[in-house]
Amino acid sequence: MGLLILAGVHRSNNEATKSLWDAESGRPIFRSTMSLQQFHVLSRIIRFDDRATRPFRWRDDKLAAIRNVWDRWVERLPLMYNPGPEVTVDERLVPFRGRCPFKQYIPSKPGKYGIKIWAACDARSSYAWNMQVYTGKPVTGRPEKNQGMRVVLDMTAGLKGLPPALVSTRGREALSSKFAFTDTHSLVSYLPKKNKNVILMSTLHKDAAVSEAEHRKPQIILDYNRNKGGVDCLDKLTGTYTCKRMTARWPVAVFHNILDVSACNEYVVWTAIDPAWNQGKCFKRRLFLAELGKALVTPLIQRRQHLPRTPASCSLVRSLQAPATALATLPPKQGQKRKRCKLCAPRDNKTSLTCFKCDAYVCKTHCDLIAKCHSCV
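The rules behind these values
Residues numbered from 1 in each chain as written. Predicted model: local features only at pLDDT ≥ 70, side-chain atom pairs only at ≥ 80, totals over all residues. Heavy atoms only, no water. Pairing = 2+ DSSP bridges. Helix = DSSP H or I, 4+ residues; strand = E, 2+ residues; numbered from the N terminus. Axes fitted to C-alpha atoms, helices over the stretch in contact; angles between N-to-C directions. Contact = heavy atoms within 4.5 Å. Phe/Tyr/Trp six-rings, centres within 6.5 Å; stacked < 30°, edge-to-face > 60°. Buried < 20%, exposed > 50% of the residue type's maximum accessible area, 1.4 Å probe, protein only. Lys NZ or Arg CZ within 6 Å of the ring centre and 35° of its normal. Polar contact = N/O pair within 3.5 Å; in protein donor to acceptor, adjacent residues only side chain to side chain. Core = buried A, V, L, I, M, F, W, Y, C linked by side-chain atoms within 4.5 Å. pLDDT = per-residue confidence, 0-100. Salt bridge = Lys/Arg side-chain N within 4 Å of Asp/Glu carboxyl O.

Quick notes on the sheet that holds strand S5 (residues 177-181)
Move 1: The sheet built from 3 strands is open, its strands ordered S5-S6-S7 with antiparallel pairing. At either margin of the open sheet sits one strand with a lone partner, and together these are S5 and strand S7 (196-202). Taken pair by pair, the neighbouring strands of this sheet meet at an average axis angle of 20°, ignoring direction.
Move 2: Inspection of the sheet shows S5 paired to strand S6 (residues 186-193) by 5 bridges, in the antiparallel sense. Among the inter-strand pairings, Ala180 is bridged to a residue of S6, identified as Leu187.
Move 3: Along the sheet, helix H9 (residues 219-227) contacts S6 and S7; its crossing angle with S7, the most-contacted strand, is approximately 80°.

Written out as structure tokens, the structure reads:
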């Protein structure tokens with residue numbers, strides 16, 4: 001995950017994976033973490049469920065290949081951050097052109113083809129608070145038609161119909177507004193220009209407030225314009241430093257989107273906790289993602305047993321392993337005895353190294369660079 005995030009920091013989602021590991025033009029941190037062959041193997045064999053039982057679960061759930069990971073991730077989204085009073089609900093499209101049973105075509109989106117996701121985001125910070133993958137029509141049902149109309153009608157169940165005075169534009173002046181109220185809803189009809197009518201419904205506003213500016217827009221429309229971009233802003237943020245790679249498997253594409261949204265949410269939470277972090281610097285989010293990616297790959301670099309061949313990558317590995325190696329090669333205490341390694345039993349393999357966590361005797365085979373036994377990892 002750390003390498004994917006770092007590839008997004010360098011905006012290398014369209015760059016060949018081989019070039020990231022190139023000895024001359026690549027980034028040293030990629031070769032320092034693992035070999036290109038190992039990265040290809042992990043990318044090829046990664047799965048998010050039990051493949052043997054997938055056909056049985058697939059009958060009732062099209063998202064069965066990644067359902068467990070997706071549900072657990074969505075459950076944790078509202079636990080980390082409390083959104084403000086303005087929340088935006090809109091659709092997102094994860095670009096994907098491979099085979100997928102619920103792939104959607106939305107010509108208004110940049111990617112046009114992909115996986116449709118309903119998202120609820122904070123209108124101010126674009127924190128993704130809840131998400132739902134649209135899997136198309138049910139497995140044993142008819143396709144849902146006029147979905148947008150159905151959502152609007154569900155929300156306006158208490159209304160008997162739109163008043164004709166709000167729908168009609170005949171005889172009305174440009175920039176004029178008409179209102180209608182019920183106990184729970186407010187309706188406004190606004191004419192930005194002649195013969196063009198914009199009708200909005202709100203459950204928040206209770207009065208006929210109109211702006212005094214030249215456009216004379218109602219307050220309902222002003223609030224809508226101010227809060228409608230929460231999900232669109234999330235798409236822009238995740239698309240700038242996306243970690244997605246070319247793949248023909250839709251669960252991997254969904255997993256890449258999980259990483260992008262999680263990294264964006266982490267940045268929102270971190271800046272809310274520490275507003276003074278890197279204050280005054282440009283590209284704060286890029287700096288945060290770079291530190292996040294390095295923090296994820298550092299343990300892998302420290303556990304490497306073989307140094308990479310390129311000088312830059314080799315120097316990076318040695319600089320990160322130097323503190324741990326110095327701690328692991330501390331001279332034994334005076335009078336310290338050699339005892340049998342507790343993990344080599346029944347073999348009689350004696351050692352003077354002890355685990356710094358549980359003080360058990362462990363040999364070099366069963367300890368890391370900082371003399372920590374594998375049972376305490």
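There's more to say after this.
So, the packing of aromatic side chains
Move 1: Following the criterion strictly, the structure yields 11 aromatic pairs and no others.
Move 2: With centroids separated by 6.1 Å and ring planes inclined at 5°, the aromatic side chains of Phe179 and Phe181 adopt a geometry described as stacked.
Move 3: Among the residues examined, Phe181 registers a relative accessible area of 42% and is labelled partly exposed.
Move 4: An aromatic cluster of three or more residues is present, and its members are Trp21, Phe30 and Phe39.
Move 5: Above the plane of the ring of Tyr241 lies Arg11, whose end atom (NZ or CZ) is 5.8 Å from the centre.
Move 6: Positioned above the aromatic ring of Tyr134, the side-chain terminus of Lys116 is 5.0 Å from the ring centre.

Things to note about the side chain of Ser126
Move 1: Its location among the elements puts Ser126 in the loop between strand S3 (113-122) and strand S4 (128-133).
Move 2: Within the structure, the side chain of Ser126 is placed 3.1 Å from the backbone oxygen of Gly230, a separation counted as a polar contact.
Move 3: Contacts of Ser126, omitting those with residues within four sequence positions, involve Cys121, Gly230, Cys233, Leu234, Leu237 and Asn265.

Remarks on the nonpolar core
Move 1: The biggest cluster of nonpolar side chains holds 45 residues, and the ones touching the most others in it are Trp70, Ile115, Met131 and Trp250.
Move 2: A per-element tally of this core places helix H11 (residues 250-273) first, with 9 residues.
Move 3: Apart from the residues lying within four places of it in its own chain, the contact partners of Trp70 are Leu63, Ile117, Met131, Gln132, Val133, Val254 and Ile258.
Move 4: Counting 10 residues, the second-largest nonpolar core is a separate cluster that includes Trp277, Leu289, Ala290 and Leu292.

Examining the environment of Gly239
Move 1: Note that Gly239 resides in helix H10 (residues 230-240).
Move 2: Looking at Gly239, the relative accessible area reads 46%, which means it is partly exposed.
Move 3: For the pair Gly239 and Arg11, spaced 228 residues apart in sequence, the C-alpha separation works out to 9.5 Å.

Details of the confidence of the model for the protein
Move 1: Residues with a pLDDT of 70 or more make up 86% of the protein, whose mean pLDDT is 82.
Move 2: When pLDDT is averaged over each helix and strand of the protein, the minimum, 54, is found for helix H7 (residues 147-155) and the maximum, 93, for H11.
Move 3: Here residues 326-335 is modelled with pLDDT under 50, and outside its nearest four sequence neighbours on either side it reaches 5 contacts, counting other chains as well.

What about unusual backbone geometry?
Move 1: A positive phi angle, near 70°, is found at Leu175, a position not held by glycine.
Move 2: Structurally, the position occupied by Leu175 is in the loop between helix H8 (164-167) and S5.
Move 3: A residue is classified by how much of its surface remains accessible, and Leu175, at 24% relative accessible area, is partly exposed.
Move 4: Of note, the phi angle at Asn195 is positive, near 65°, even though the residue is not glycine.
Move 5: Looking at the secondary structure, you find Asn195 in the loop between S6 and S7.
Move 6: In this structure Asn195 comes out as exposed when scored by relative accessible area, which is 57%.

Observations regarding the pattern of salt bridges
As a working rule, side chains carrying opposite charge can pair if their charged atoms are close by.
Move 1: A full pass over the atoms with the stated rule returns 8 salt bridges.
Move 2: For Asp61, the salt bridge is made with Arg67, and the minimal N-O distance between the two is 2.7 Å.
Move 3: Using a relative accessible area of 25% as the deciding quantity, one classes Arg67 as partly exposed.
Move 4: Between Asp71 and Arg67 there is a salt bridge, with its nearest N and O atoms 3.3 Å apart. Taken as a pair, Asp71 and Arg67 lie in helix H6 (residues 67-76) at a separation of 4 residues, close to a single helical turn.
Move 5: With a relative accessible area of 30%, Asp71 lands in the partly exposed category.
Move 6: One network of salt bridges, in which partners are shared, links Asp49, Arg54 and Arg57.

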